[in-house]
Amino acid sequence: EQRSLLTSQALSAANGEDIEKLALLDTLTELYNSRTFLKEMKDELKRAKRYKRPVSLCMVSVDGFKDITRSYGALTSDAVLKVIGGVLKGAIRDVDIPSRFSSDEFAIILPETNASGAAIVAERIRSRVANHGITHNWHNLKVTTSVGLASFPTHAREHDELLSRTVQALEMAVQKGGDLVI
């Protein structure tokens, strides 16, 4: 009887951890979800203001994602997102905060990073994705990304302005043909 009580306590603790993890993470990429990202962005910006330190934001979009989905199907496009999520994790520091922002976009908060530092990280991400072949269901894909970035205090003073400026930069990179950092 004591053993079954311990087992059920251990299971409920594990389930609690799983539920908490599900609430914070995107299940496909295992990066933070957009809700967690927005909270973290507000917190990082408050910290940056208080200590008068920079913070940057990168938005990464998969070029031609709708075409990939149309041509190869949802399972392959999911595989692409999962691989890119892994590439992102490998291209950033432990203190950086990567998330899946929308269906085909990722956002990364770069604490203590100014615009020029963010540009280096963004180019590293763009280059690693472009050089990373993705194979799924016998399809070999070459995928590229567009990356937009903005920084506090250089480009924006508030979290919504920082997000807006980053999205504008991303849209400009996409409009110029993709596989580009702006």
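Residues numbered from 1 in each chain as written. Predicted model: local features only at pLDDT ≥ 70, side-chain atom pairs only at ≥ 80, totals over all residues. Heavy atoms only, no water.

1. Considering the overall build of the chain
Then, in step 1: Secondary structure assignment for the chain yields six helices and six strands.
Then, in step 2: Counting from the amino terminus, the chain carries its helices and strands in the arrangement α-α-β-α-α-β-β-α-β-β-β-α.
Then, in step 3: Of the contacts formed within the chain by residues at least 6 apart in sequence, a portion of 68% connects residues at least 24 apart.
Then, in step 4: Only carbon and sulfur atoms are counted for the fraction: they give 53% of the accessible area of the chain, which is about 10200 Å². (Helix = DSSP H or I, 4+ residues; strand = E, 2+ residues; numbered from the N terminus. Contact = heavy atoms within 4.5 Å. Areas by Shrake-Rupley, 256 points an atom, 1.4 Å probe, with all protein chains shown as cover.)

2. Thoughts on the packing of aromatic side chains
Then, in step 1: This model, assessed by the stated rule, comprises one aromatic pair.
Then, in step 2: The interplanar angle of 85° and the centroid separation of 5.5 Å between the aromatic rings of F37 and F101 together place this pair among those described as edge-to-face. Of this pair, F37 sits in helix 2 (residues 34–51) while F101 sits in strand 2 (residues 97–102); the two residues are 64 residues apart in sequence, bridging distant segments of the chain. (Phe/Tyr/Trp six-rings, centres within 6.5 Å; stacked < 30°, edge-to-face > 60°.)

3. As for the pairing of strand 4 (residues 133–136)
Then, in step 1: Here strand 4 shows one buried face, formed by I134 and H136, and one open face, formed by G133 and T135.
Then, in step 2: For strand 4 and strand 5 (residues 139–142), the ladder comprises four bridges, and the chain directions are antiparallel. The residue bridging T135 from the neighbouring strand is N140, located in strand 5.
Then, in step 3: Hairpin geometry of strand 4 and strand 5 is characterised by an intervening segment of two residues between the two adjacent antiparallel strands and by a positive phi of about 50° at N137. (Buried < 20%, exposed > 50% of the residue type's maximum accessible area, 1.4 Å probe, protein only. Pairing = 2+ DSSP bridges.)

4. Observations concerning the packing of helix 3 (residues 65–72) against helix 4 (residues 74–91)
For any two helices packed against each other, one specifies the crossing angle of their axes together with the interaxial distance.
Then, in step 1: Put simply, helix 3 and helix 4 touch, their axes get as near as 7 Å, and they point 140° apart. The angle between the axes of helix 3 and helix 4 places the two elements in the oblique class. Along its contact with helix 3, which presents F65, I68, T69 and Y72, the element helix 4 presents A74, T76, S77, V80 and L81.
Then, in step 2: Residues of the contact of helix 3 with helix 4, tallied by class, amount to six nonpolar, three polar and no charged. (Axes fitted to C-alpha atoms, helices over the stretch in contact; angles between N-to-C directions. Parallel < 35°, antiparallel > 145°, perpendicular 65-115°, else oblique. Nonpolar A, V, L, I, M, F, W, Y, C, P; charged D, E, K, R; others polar.)

5. Description of the sheet that holds strand 6 (residues 145–152)
Two strands in a sheet stick together by hydrogen bonds in their backbones, pointing the same way (parallel) or opposite ways (antiparallel).
Then, in step 1: Spatial strand order, 2-3-1-6: four strands in an open sheet with antiparallel pairing. The open sheet has two edge strands, strand 2 and strand 6, and neither has a second partner. Across this sheet, the average inter-strand angle for adjacent strands is 20°, counted without regard to direction.
Then, in step 2: With seven bridges connecting them, strand 1 (residues 55–62) and strand 3 (residues 105–111) associate as antiparallel partners.

6. Quick look at the packing of helix 4 against helix 5 (residues 115–130)
Then, in step 1: Axis separation between helix 4 and helix 5 bottoms out at 10 Å; the angle between their running directions is 140°. By the angle between their axes, helix 4 is oblique relative to helix 5. In this structure, helix 4 crosses over helix 5, and the sense of that crossing is right-handed. Contacts between helix 4 and helix 5 involve I84, V87, L88, G90 and A91 from the first element and V121, R124, I125, R128 and V129 from the second.
Then, in step 2: Split by residue class, the contact of helix 4 with helix 5 holds seven nonpolar, one polar and two charged. (Left-handed = near helix turned anticlockwise from the far one by under 90°.)

7. Describing the nonpolar core
Then, in step 1: Counting residues in hydrophobic clusters, the biggest one holds 27 residues, and the most contacted among them are V62 and I125.
Then, in step 2: Residue assignment for this core shows that the elements contributing at least two residues are strand 1, helix 3, helix 4, strand 3, helix 5 and strand 6.
Then, in step 3: A per-element tally of this core places helix 4 first, with six residues.
Then, in step 4: If you look at the next biggest cluster of nonpolar residues, it comprises 16 residues, including M59, I97, L162 and L170. (Core = buried A, V, L, I, M, F, W, Y, C linked by side-chain atoms within 4.5 Å.)

8. Quick notes on the pattern of salt bridges
Then, in step 1: Going through the model one piece at a time under the given rule, you end up with 10 salt bridges.
Then, in step 2: For the salt bridge of D67 with R70, the shortest nitrogen-to-oxygen distance reads 2.8 Å. Pair noted here: D67 and R70 are both in helix 3, with a separation of three residues, about one helical turn.
Then, in step 3: R126 is the salt-bridge partner of E123, the closest N and O atoms lying 2.6 Å from each other. Here R126 and E123 lie together in helix 5, a separation of three residues that amounts to about one turn.
Then, in step 4: Linked by salt bridges that have partners in common, E123, R126 and D179 make up one network. (Salt bridge = Lys/Arg side-chain N within 4 Å of Asp/Glu carboxyl O.)

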